[in-house]
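# A structural walkthrough
What follows is the residue order along each chain.
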Amino acid sequence: MTAPDSLSPSRRSFLLGGGALLVSFSLPPPPAMAEETGEPKLPGSLQRYRQLDSWIRIDDRGVITVFTGKCELGQGIKTALLQVAAEELGVTPESLHLITADTALTPNEGYTAGSHSMQDSGTAIRHAAAQARSLLIGTAAARLSVSIDRLKAQDGAVVADDGRRLGFGALVKDKELHVAADGRSVLTDAAHYRVIGKRVDRVDIPAKVSGGPAFVHDLRLPGMLHARVVRPPSYHATLLRIDTTPIAKMPGVRAVHRDGNYLAVIAEREYQAVTAMHALGKAAAWNETPSLPEPDRIFDWLATQPAEPVPVLAGSGHLTGGLNILEATYRRAYQMHASIGPSCAVAQFKNGQLTVWTHSQGVFPLREAIAELVQLPAARVRCIQVDGSGCYGHNGADDAGADAALLAMALAGRPVRVQWTREQENAWEPYGSAMITKAHAALGPEGRITAWDYSVRSCTHATRAGPAGNLLPAWLLARPSTPARPRPLPLPEGGGHRNAAPIYSIPDARVTYEFVPAMPLRVSALRSLGGYMNIFSIESFIDELAQAAKADPVDFRLRHLEDSRARAVIKEAADRFGWADYRRQQDHGHGFAFARYKNLAAYLALAVEVEVDRTSRRVRLKRAVAAVDCGEAVNPDGIENQIQGGILQSASWTLHERVAFDNTRITSRDWSSYPILRFSEIPDEIQVHVVNQPGAPFLGTGEAAQGPTAAAIANAIAAATGTRLRDIPLTLP
Amino acid sequence: MITLTVNGKAHQLEVDPETPLLYVLRGELALNGAKFGCGLGQCGACTVMIDGVAVNSCVTPVGTLQGRRVVTVEGLGTSGQVGRLAQAFIDEQAAQCGYCIAGMIMRAQALLEHNPAPSDTEIRTHMEPNLCRCGTHVRIFRAIRRASETLRHASTPQGEMFP
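Residues numbered from 1 in each chain as written. Chains lettered and ligands numbered in written order. Predicted model: local features only at pLDDT ≥ 70, side-chain atom pairs only at ≥ 80, totals over all residues.

## Quick look at the overall build of chain A
- Per the secondary structure count, chain A includes 18 helices and 25 strands.
- Structurally, chain A occupies a C-alpha span of about 75 × 75 × 50 Å along its principal axes.
- Within chain A, buried positions represent 58% of all 733 residues.
- Taking as baseline every contact in chain A between residues at least 6 positions apart, the subset at least 24 positions apart corresponds to 79%. (Helix = DSSP H or I, 4+ residues; strand = E, 2+ residues; numbered from the N terminus. Buried ≥ 20, exposed ≤ 12 C-beta atoms within 10 Å, placed from the backbone. Contact = placed C-beta atoms within 7 Å.)

Here is the structure:
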């Protein structure tokens, strides 16, 4: 397909400067406040960007460019968005160009997070493309003097049934696409799909398997310098003294930058920067104070912190009606994103304009934060998203963008590339918060849950940039900014309380989120946020209840579920796994779990088999069979890839991962102190069955597997060993 | 002055012999394939082959490589004409973010050059040093298996299968 446009500065500058060639090129308007003007509600992100040419532009040569405010994070979004546009425009995905999040070029679609990209951007692009097609056909009908039912869009032209054709390029001369979206265009009927629902190979993979320029790490701008930062050894350490003179004289060093506790070196060649970073680190003397909770008592700390109660479900909390009362407490350690590639960014300050190339999940909020940090008007800052190493949420990407911005401002003119070290990434990225959940339920005489009382407690799951004070480098400056006070994310999606409400039919259910504003370890959004822990807890507890009710776990779930799509994925996963016929071997067990992500997005059920080695106390996920319904499936292979990956990543979190620290420092600084799943442990088989819903809304895919996998593994371990493990990472006694 | 042979081409380089190979590949030679992951030899993102053996380039001083053959993923093909192993990765869509993939391919290449028909256990054991965070392992495994089968069923001599 097309070359990766994100790494093609010439393509982007063409788009930025070549307005004459484009149909009615215009910078995206500021978000329209449709709610205020009373305009009709439009699908997906069309609601905010209501001009067709914010999404699709066709130049007079017929070259079609699609714009999205979302980012490629390794989830394959570029390919799925191209499929959607190609379907509606009657062209091949290969013929399209795609521009991803860029504050100068694309709509502002906020963060690429929460499995929202297909819902927001895919829906907008699909409707915009459908309307563009119908406008082009309408123009062609007038020019050819034929009725529109004799015309179709095909391979970049409108073709009449008598064989006459007009290329899109010739048709857009009258600024055809600079019109308001109406959201009323007829979408292609599922029976006629050419591209949607088909496997399309990911557009970004060929470069990634052959050493082509693919990542922000691979950007090489003319005259680019290399920077490294030196971080304090712990969150609140202060720089006592440093003599930077010898470092400034090291080979290739162009600058040693100090601003309060902020230290960096800038050099001509990358390894010169690395060498100077080590020397600078050795030269720095720091004052450290113990500021972290005692690691062995972290859950006592969390349990006793002042918390703000957030009601989720207002049940009575009385559990007297049932015959059988069960109670359980579950805990989850701090866990990290731990991207394989530490964060990286490139920035250049030239002619009063700051440009930052970043693997951020949200270039528009990052632009605001960086503008505040470097005290430039936002209009003077441009953030361009370029692929990075998989992020799985809010990792160091934004902070590295801020580092690059600060250093580019300090050494105006030349581009500066900043690459974090592994140790810096591990020690300074925001983690997924430690969490505690308490579940309490009553079982009635028919083996049904009659009452439910559940609470979840955690620090925040959202400290993303927006305010400059949420950028780590800002804390270290001589005039520091402080982080914004954490707030709980609102329902229905929620943060720590994401998926805290049980999806099952329970007559009386009370659910409360106990939001802890304190943040001794830096935390933010890790893939699925609180959904991982809440689903782990609820789906473990459901199995405990099923056991008490002497019911099969799959039957027990179905007994409490009416939603036909929920029931369908559960039955599909159970059937494909062979749940009913499973025969347990020695030291093996099978487990089941189900969730609807955020209780409003993708449905996922899975059955797993684990193998337990009682001597080494190791657990291996041996086999997993999942069924997923994420609405209309655009690229089924992409969905399968995401779900397979989610299952393995969740297995790694669940069986291995815990951020280690002492009362002063983070000690999980490399892969030996933060081990993750390796090849020797991979399952023999992971099946993913996509339950497609042609014509239904997109529900998103990226995070659906995280929670159910954890619970299914815990349930399988209980079946294999008789031991119920409730603390993540799950560790056999 | 160091002479470094990468992908069959000799380069005369003016670099500190202590410089890890990774920085020379990415800097002086402007090759993207080998990636910085940890700088500690713990993750395999920087894997290249030296005399046919998979090696972490981030901890290999360039001064030790005089007269030895370095092969990076760029030596196996280009994005326009990908190598056979890379093609197997495309066929299996064996990448998510893709940051680890060039390293995975190089480690697998070293395996298949010595053992064109590895068992499942041999593949797992050989790939153990390389980390993937997206959870693409099962597809990576299948891609290596697929390449091995291509190799076995091909009539051309082994050396031509994997240039």
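## What about the environment of Thr136(B)?
- By the element assignment, Thr136(B) lies in the loop between helix H4 (120-127) and helix H5 (137-153).
- The spatial distance from the C-alpha of Thr136(B) to the C-alpha of Cys100(B) is 9.8 Å, given a sequence separation of 36 residues.
- Sequence-distant contacts of Thr136(B), defined by excluding residues within four places in its chain, comprise Gly645(A), Ala94(B), Ala95(B) and Gln96(B).

## Side note on the nonpolar core
- Counting 289 residues, the largest nonpolar core has Val265(A), Ala626(A) and Val628(A) as its most contacted members.
- Excluding residues that lie within four positions of it along the chain, Val265(A) makes contacts with Ala227(A), Arg228(A), Ile247(A), Val253(A), Val256(A), Ala273(A), Ala276(A), Met277(A) and Leu280(A). (Core = buried A, V, L, I, M, F, W, Y, C linked by C-beta atoms within 7 Å.)

## Brief notes about the interface of chain A and chain B
- In this complex, chain A contributes 49 residues to the contact, which on the side of chain B involves 50 residues.
- Where the side of chain A that touches chain B is concerned, the elements lending two or more residues are helix H6 (205-208), helix H8 (270-283) and helix H17 (636-656) of chain A.
- The element contributing the most residues to the side of chain A that touches chain B is H17(A), with eight residues.
- For the side of chain A that touches chain B, a count of residues per class yields 19 nonpolar, 18 polar and twelve charged. (Nonpolar A, V, L, I, M, F, W, Y, C, P; charged D, E, K, R; others polar.)

## Side note on the packing of helix H10 (residues 363-374) of chain A against helix H11 (residues 397-410) of chain A
All names here are of chain A.
- Between H10 and H11, whose axes approach to 10 Å, the crossing angle comes to 40°. Between H10 and H11 lies a crossing of right-handed hand. Contacts between H10 and H11 involve Leu-366, Ile-370, Leu-373 and Val-374 on the former and, on the latter, Asp-398, Gly-401, Ala-402, Ala-405, Leu-406 and Met-409.
- A per-class count over the contact of H10 with H11 returns eight nonpolar, one polar and one charged. (Axes fitted to C-alpha atoms, helices over the stretch in contact; angles between N-to-C directions. Left-handed = near helix turned anticlockwise from the far one by under 90°.)

## Here we look at the domain arrangement of chain B
Residue and element names in this part refer to chain B.
- Taken domain by domain, chain B comprises domain 1 (2-76) and domain 2 (84-156).
- Computed from C-alpha atoms alone, the centre-to-centre distance between domain 1 and domain 2 is 21 Å.
- Of the residues lining the interface, 15 residues belong to domain 1; the matching set on domain 2 comes to 15 residues.
- Counting only elements with at least two residues in the side of domain 1 that touches domain 2, the list comes to strand E3 (47-50) and strand E4 (53-56).
- It is E3 that provides the largest number of residues to the side of domain 1 that touches domain 2, a total of three residues. (Domains from an automatic or database assignment.)

## Concerning the pairing of strand E14 (residues 344-350) of chain A
All names here are of chain A.
- For E14, the tally of buried residues reaches six of seven residues, placing the bulk of the element in the interior.
- Sheet analysis places E14 next to strand E17 (residues 416-419), joined by four bridges and oriented antiparallel. Within E17, the residue paired with Ala-347 across the bridge is Val-416.
- Bridge count for E14 against strand E15 (residues 353-358) is six bridges, and the pairing is antiparallel. Each residue of the ladder has a partner; that of Val-346, found in E15, is Trp-357. (Pairing = 2+ DSSP bridges.)

## Comments concerning H4(B)
All names here are of chain B.
- Among all positions in H4, only Ile-123, His-126 and Met-127 are buried. End-on, the buried residues of H4 take up no more than an arc of 90°, which puts them together on one face.
- If you follow the buried residues of H4, they end up packed against helix H3 (101-114) and H5. (Arc of directions from axis to C-beta.)

## Things to note about the confidence of the model for chain B
All names here are of chain B.
- Averaged over chain B, the pLDDT score is 93; the fraction of residues at 70 or greater is 94%.
- Predicted confidence for residues 157-161 stays below pLDDT 50, and this span has six contacts to residues more than four positions away or in other chains.
- Interface confidence in the predicted complex, given as ipTM, is 0.95; pTM for the same model is 0.95. (pLDDT = per-residue confidence, 0-100.)

## Re the sheet that holds strand E18 (residues 435-443) of chain A
All names here are of chain A.
- If you walk across this open sheet you meet the six strands as E12-E20-E19-E18-E13-E25, and the pairing is mixed. Edge positions in the open sheet fall to strand E12 (308-313) and strand E25 (727-728), since each of these has one partner strand only.
- Relative to strand E20 (residues 508-515), E12 is paired through five bridges, and the arrangement is antiparallel. Following the sheet pairing, Pro-311 is matched in E20 by Thr-512.

## Some words on the sheet that holds strand E9 (residues 253-259) of chain A
Residue and element names in this part refer to chain A.
- Spatial ordering of the open sheet is given by E9-E10-E7-E17-E14-E15-E16, a layout of seven strands whose pairing is mixed. Both outer strands of the open sheet, E9 and strand E16 (381-385), are each paired with one neighbouring strand and no more. Taken over all neighbouring pairs, the strand axes of this sheet differ in orientation by 20° on average, direction set aside.
- In the packing of H10 onto the sheet, contacts are made with E15 and E16, and the angle to E16 comes to roughly 140°.
- Contacting strand E7 (225-230), E9, strand E10 (262-267), E14, E15, E16 and E17, H11 crosses the sheet at an angle of about 30° to E14.

## A closer look at the pairing of strand E24 (residues 685-690) of chain A
Residues and elements named next belong to chain A.
- Where strand E23 (residues 618-629) meets E24, six bridges bridge the pair, whose relative direction is parallel. The partner of Ala-624 across the bridge, within E24, is Ile-686.
- For the crossover from E23 across H17 to E24, the handedness is right-handed. (Right-handed = clockwise from strand over helix to strand, strands pointing away.)

## As for the environment of Val554(A)
Residues and elements named next belong to chain A.
- Within the element layout of this structure, Val-554 appears in helix H15 (residues 553-559).
- In this structure, the C-alpha to C-alpha distance between Val-554 and Gly-531, residues 23 residues apart in sequence, is 21 Å.
- Discounting chain neighbours no more than four positions away, the residues touching Val-554 are Ile-570, Ala-574, Trp-579 and Phe-592.

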